[in-house]
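Given next are the chains, with one letter for each unit.
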Amino acid sequence: MNAPVRDVAPVAAPVSAAGTAAPAGLPPMPPSSGRMHPFEALGSAFAALTANALRSMLTALGIFIGVAAVIATVAVGAGARQQVMQQIQSLGANLLMVWSGSVTQGGVRLGAGQRQNLSWDDAEAIMRDLPAVEVAAGSIRQSFQVVAGNQNWSTSILATAIDYFVAHDWNVAEGRLFSPEEANSGRKLALIGATVAENLFGDEDPLGREIRIRATPFEVIGVLARKGQNTAGQDQDDIIIIPYWTARRSVMGASRANARAVNVVSVKVHEGEDMAAAEAALRALFRQRHRVAANEPDSVQIRNLSEVAATRDASSRTLSVLLASVAAVSLLVGGIGVMNIMLVSVTERTREIGLRLAIGARRGDILAQFLAEAVLLALLGGAAGVGAGIAISHVMAEAGGWPVLVEWDAILLAVGVSGLTGLFFGYWPARQAARLDPITALRHD
Amino acid sequence: MTALIETRDLSRHYPAGDGVVKALDGVSLSVPGGAFVAAMGPSGSGKSTFLNLIGALDRPTRGTYRLSGENVADLPPDRLADLRARRLGFVFQSFHLLPRADALANVALPMVYRGLGRTARRDRAAMALDRVGLGGRLHHRPSQLSGGQQQRVAIARALVNAPDLLLADEPTGALDSRTGLEIMALFQALHAGGMAVMVVTHDEAVARFASRILRFSDGHLIRDEARVPVQAAALLAEREAA
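Residues numbered from 1 in each chain as written. Chains lettered and ligands numbered in written order. Predicted model: local features only at pLDDT ≥ 70, side-chain atom pairs only at ≥ 80, totals over all residues.

Considerations on the overall build of chain B
The condition is simple: Where helices and strands are cited, they refer to DSSP runs of H or I of at least four residues and of E of at least two residues respectively, numbered from the N terminus. Two things to know: the radius of gyration comes from C-alpha atoms, and the globule rule equals 2.2 Å times the number of residues to the power 0.38. Contacts here follow a simple rule: the backbone-placed C-beta atoms of the two residues must lie within 7 Å.
Assigned secondary structure in chain B consists of eight helices and 10 strands. Its C-alpha radius of gyration of 18 Å places chain B within 12% of the 18 Å reference for a compact globule of 242 residues. Within chain B, residue pairs in contact and separated by at least 24 positions form 69% of the contacts whose partners lie at least 6 positions apart.

With respect to the overall build of chain A
Note the following rule: The exposure label follows from counting other C-beta atoms within 10 Å of a residue's C-beta, where the C-beta atoms are placed from the backbone and the thresholds are 20 or more for buried and 12 or fewer for exposed, leaving partly exposed in between.
From N to C terminus, chain A includes 13 helices and 12 strands. Counting over 445 residues, chain A shows a buried share of 39%.

With respect to the pairing of strand S5 (residues 151–160) of chain A
Residues and elements named next belong to chain A. Let me state the cut-off plainly: At least two bridges found by DSSP between two strands are what make those strands a pair.
Sheet topology note: the strand S4 (residues 133–148)/S5 ladder contains 10 bridges and is antiparallel. Bridge assignment links Ser143 to a residue of S5, and that residue is Ser156. From the end of S4 to the start of S5, which pair antiparallel, there are two residues, and Gly149 there has a positive phi angle of about 60 degrees. In this structure, S5 lies alongside strand S10 (residues 239–243), joined through five bridges in parallel fashion. Within the sheet, the bridge partner assigned to Thr160 lies in S10 and is Pro243.

Quick word on unusual backbone geometry
Residues and elements named next belong to chain B. Backbone geometry at Ala56 places phi at a positive 60 degrees, although glycine is not the residue there. Of note, Ala56 is situated in the loop between helix H1 (47–54) and strand S4 (62–67). Phi is positive for Ser68, which is not a glycine, with a value near 50 degrees. Note that Ser68 resides in the loop between S4 and strand S5 (70–71). With 16 C-beta atoms counted inside 10 Å, the residue Ser68 sits in the partly exposed group.

Notes on the confidence of the model for chain B
What counts is decided by this rule: The quantity called pLDDT is the predictor's confidence in a given residue, expressed from 0 to 100.
When pLDDT is averaged along chain B, the result is 93, and 100% of the positions lie at 70 or above. In the predicted complex, the global pTM is 0.72; the interface-specific ipTM is 0.94.

So, helix H6 (residues 177–192) of chain B
Residues and elements named next belong to chain B. Short version of the rule: What a helix should span is 1.5 Å times the count of its residues minus one.
Under the 1.5 Å per step criterion, the end-to-end length of H6 is 22 Å for 16 residues, consistent within 8% with the ideal 22 Å. When we look at burial in H6, the residues that qualify are Gly180, Leu181, Ile183, Met184, Leu186, Phe187, Gln188, Leu190 and His191. The inward-facing, buried residues of H6 contact strand S3 (36–40), helix H5 (147–159), strand S7 (165–169), strand S8 (196–201), helix H7 (204–207) and helix H8 (232–241). Remark: Gly194 follows H6 within two positions and exhibits a positive phi of approximately 110 degrees.

Quick look at the nonpolar core
Filter applied, for reference: By definition, a nonpolar core groups buried Ala, Val, Leu, Ile, Met, Phe, Trp, Tyr and Cys residues that are joined through C-beta atoms within 7 Å.
Counting 138 residues, the largest nonpolar core has A:Ile71, A:Ala374, B:Ala39, B:Val107, B:Ala156, B:Leu166 and B:Val197 as the members making the most contacts within it. Take this core: its biggest share by element is 16 residues, from helix H2 (residues 53–91) of chain A. Not counting residues within four places of it along the chain, the set of residues in contact with B:Val107 comprises B:Ala125, B:Ala128, B:Leu129, B:Val153, B:Ala156, B:Arg157 and B:Val160. In this structure, A:Ile126, A:Leu200, A:Ile240 and A:Val300 belong to the second largest nonpolar core, which totals 53 residues.

A look at the pairing of strand S10 (residues 220–226) of chain B
Residues and elements named next belong to chain B. Inspection of the sheet shows strand S9 (residues 212–217) paired to S10 by six bridges, in the antiparallel sense. By the bridge assignment for S10, Arg215 is matched with Arg223. Between the antiparallel neighbours S9 and S10 lie two residues, among them Asp218 with a positive phi of about 50 degrees.

Describing the packing of helix H1 (residues 38–51) of chain A against helix H11 (residues 363–399) of chain A
Residue and element names in this part refer to chain A. Applied cut-off: Comment: axis = line fitted to C-alpha atoms, over the contacting stretch for helices; angle = value between 0 and 180 degrees taken between N-to-C directions. To sort the angles, those under 35 degrees are grouped as roughly parallel, those over 145 as roughly antiparallel, those from 65 to 115 as roughly perpendicular, and the leftovers as oblique. Take the far helix as the reference: if the near one is turned anticlockwise from it by less than a right angle, the crossing is left-handed, and if turned clockwise, right-handed. When residues are sorted by character, Ala, Val, Leu, Ile, Met, Phe, Trp, Tyr, Cys and Pro go into the nonpolar class, Asp, Glu, Lys and Arg into the charged class, and all the rest, Gly among them, into the polar class.
At a closest axis distance of 8 Å, the pairing of H1 and H11 adopts a crossing angle of 60 degrees. Our classification of the angle between H1 and H11 gives oblique. H1 and H11 meet at a crossing whose hand is right-handed. Across from Pro38, Ala41, Leu42, Ser44, Ala45, Phe46, Ala48 and Leu49 in H1, the residues of H11 making contact are Ala368, Gln369, Ala372, Glu373, Leu376 and Leu377. Across the contact of H1 with H11, the residue classes tally to 11 nonpolar, two polar and one charged.

Focus: the sheet that holds S9(B)
Pairing between sheet strands relies on hydrogen bonds along the backbone, with the strands arranged either parallel or antiparallel. Residues and elements named next belong to chain B. Pairing in this open sheet of six strands is mixed, and the strands run S6-S7-S8-S3-S9-S10 from one edge to the other. A strand with exactly one partner marks an edge of an open sheet, and here the two such strands are strand S6 (88–91) and S10. The sheet shows a mean angle of 20 degrees between the axes of neighbouring strands, direction not considered. Sheet contacts for H6: S3, S7 and S8; angle to S8, the most-contacted strand, approximately 150 degrees.

What about helix H2 (residues 77–86) of chain B?
Formally: What the arc covers is the set of directions going from the helix axis to the C-beta atoms.
Residues of H2(B) that are buried include every one of B:Leu80, B:Ala81, B:Arg84 and B:Ala85, and no others. One face of H2(B) carries all of its buried residues, which in axial projection span an arc of 140 degrees. Contacts from the buried residues of H2(B) go to helix H10 (350–358) of chain A together with S6 and helix H3 (103–112) of chain B.

What about the sheet that holds S4(B)?
Residue and element names in this part refer to chain B. Here four strands make up an open sheet; going across it, the order is S2-S1-S4-S5 and the pairing antiparallel. Each edge of the sheet is formed by a strand with only one pairing partner; in this case those strands are strand S2 (19–31) and S5. Where S4 lies against S5, two bridges are found, and the strand directions are antiparallel. When the sheet's bridge partners are listed, Arg66 is paired in S5 with Asn71. Contacting strand S1 (5–16), S2 and S4, H1 crosses the sheet at an angle of about 60 degrees to S2.

What about the environment of A:Ala123?
All names here are of chain A. Tracing the backbone through its elements, the reader meets Ala123 in helix H3 (residues 120–129). Taking the C-alpha atoms as reference points, Ala123 and Ala414, separated by 291 residues in sequence, lie 52 Å from one another. Not counting the four nearest positions on each side in its chain, Ala123 is found in contact with Ala136, Ala137, Gly138 and Val265.

Looking at the environment of A:Ile240
Residues and elements named next belong to chain A. Tracing the backbone shows Ile240 in strand S10. You can call Ile240 buried: it has 24 C-beta atoms within 10 Å. Distance in space between the C-alpha atoms of Ile240 and Gly149 is 17 Å, their sequence separation being 91 residues. When neighbours within four sequence positions are excluded, Ile240 is seen to be in contact with Val146, Thr155, Ile157, Ala190, Ile192, Gly193 and Val196.

Details of the confidence of the model for chain A
Do not read the fine detail of predicted coordinates wherever pLDDT is low. Model confidence for chain A is summarised by a mean pLDDT of 84, while 89% of its residues fall at 70 or above. Ignoring residues within four places in sequence, the model shows residues 1–21 of chain A, a span with pLDDT below 50, making 35 contacts including any to other chains.

Some remarks on the environment of B:Val37
All names here are of chain B. Relative to the helices and strands, Val37 resides in strand S3. Of the residues examined, Val37 has 26 C-beta atoms within 10 Å and is grouped as buried. Each C-alpha atom of the pair Val37 and Arg208 lies 10.0 Å from the other, and the pair is 171 residues apart in sequence. Not counting residues up to four positions away in its chain, the partners in contact with Val37 are Val31, Met198, Ala210, Arg212 and Leu214.

Right, dumping it as structure tokens:
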């Protein structure tokens, strides 16, 4: 059946011969790209989110909590790790500590250090025989009541060689260390820790002042740099260090059976040397020097202190991995919340989607619009979560006295992950929207 | 000159149970540019299916449809979307305005999908609203407008991309008779300006404003009649006088 082409022209209708001459009564369309600009999706996403502000906020809450938890736990973990690193550094790097071994008397085993079988000469032998060793310093430690003016303070006196400071990466904050010559000549010089300085001298300058240890006067020539607590929580600044031979002659010498005894030898291994190999060589050297039979246990105990600290680091790491996985679960739950609300949103706006398709939206445009909405929702939740996470870590630092460290990469990661969560969980609803048939969508109730 | 609409054996069948429903079957016709056509018939006659096919919202099961010579049935989805954005304007019975957007934003919406900048969109949307007599209500939301005004906003939205063909599906169905007359007068004025208009309706009182009536029944085009249209504006003036 062929249609009769007719042209009754009842009104004074200008027959559109030109065709393009703007029959709508509007000027011709200005030139344009013909495609939706990507930012338009963001704009309409923002409008849709603010239109349902309360619902958007509640949905973003899951992401918000997840990210806040991630930021806070990572900050605590990083803070703990930084503290451990500082402790390792305060112990001295590449450091092996040799203690005298335990002693067994009539079946009773006394603890490490009871045997007094380490001597000043062992340190010298280590330096001489083991090329991997940079320095070895014997030391002996004992507690005394120390007097300065009208103040007195009970503290640890550590008597050692100048190499001790090399081994423990330690130096003075004020004044100077004693020289090898001063140490050997038995000069009565003392280096005091920060805690001792505070307790004996308060705000006054301790340099050049006199302190008396067991009634023996010593001149303070330096105040040691602060080290803080060690891994066991002991104050490493509550100490006075004096030359070993001075101590032997005037403070702790006379009564001892072995006049050359030390409690501990601090051994610093050269940078780059294998610590395990150095430890084995050290062990072998002591077995030989102490003439230990093949079937007997070692006469000394050797410990790698940075390893101890590293173990603590590993355990704090495990804890933060655990906390981070809880946070990840929270993010997952938040993502499912986003997906749920996006599916609701698509259903609610089915007619709108139908209309948009009818007026020229491509399926990709609809996909972009809903994806942008999900990502924006997750990102806003994530950004707010970062703020809350930082605030929580500061509160923990203040209230709990925990060391916290908020790192930039953790923030970027958290925001990135929340964006990806939005993308991942928003894709399915957005695809549902883009796949709608325009005719059925327009008729949707 | 190529016809605006040229269909040959245009058919749309849906599978239903064991058989098929022939919603539209074997429609061949030609419509020149600038025509005012009414597609008429009771519900289920195939007139809406015909509109959906002409509006590139649906694809025919069989047959061809050329819009200004371009075979629409062969186009991929994105090209169909472009066609809807550039060449076609839709007006619906229930207006389909976005409730949270004002009149200006509603009218500007189609230009988003043509990649027009924000200022250009707003300027042009204001012109389109002025064209339909709503120049003073740019920032009213749909809920603040009467039914007739809402339909005018929808017509402005359909016009704004300067389409070749305006498609209206029962445009007066949700309006009282007087407002319906005003809307039909607007369509006639647009037609007088050179715009091709196709109105789908079941109502003889609406169809009488068209200069050509396509009558559908059971999926077939049963009559194609040319006639002298009644002038909606004249009817309105009579009402005023009475």
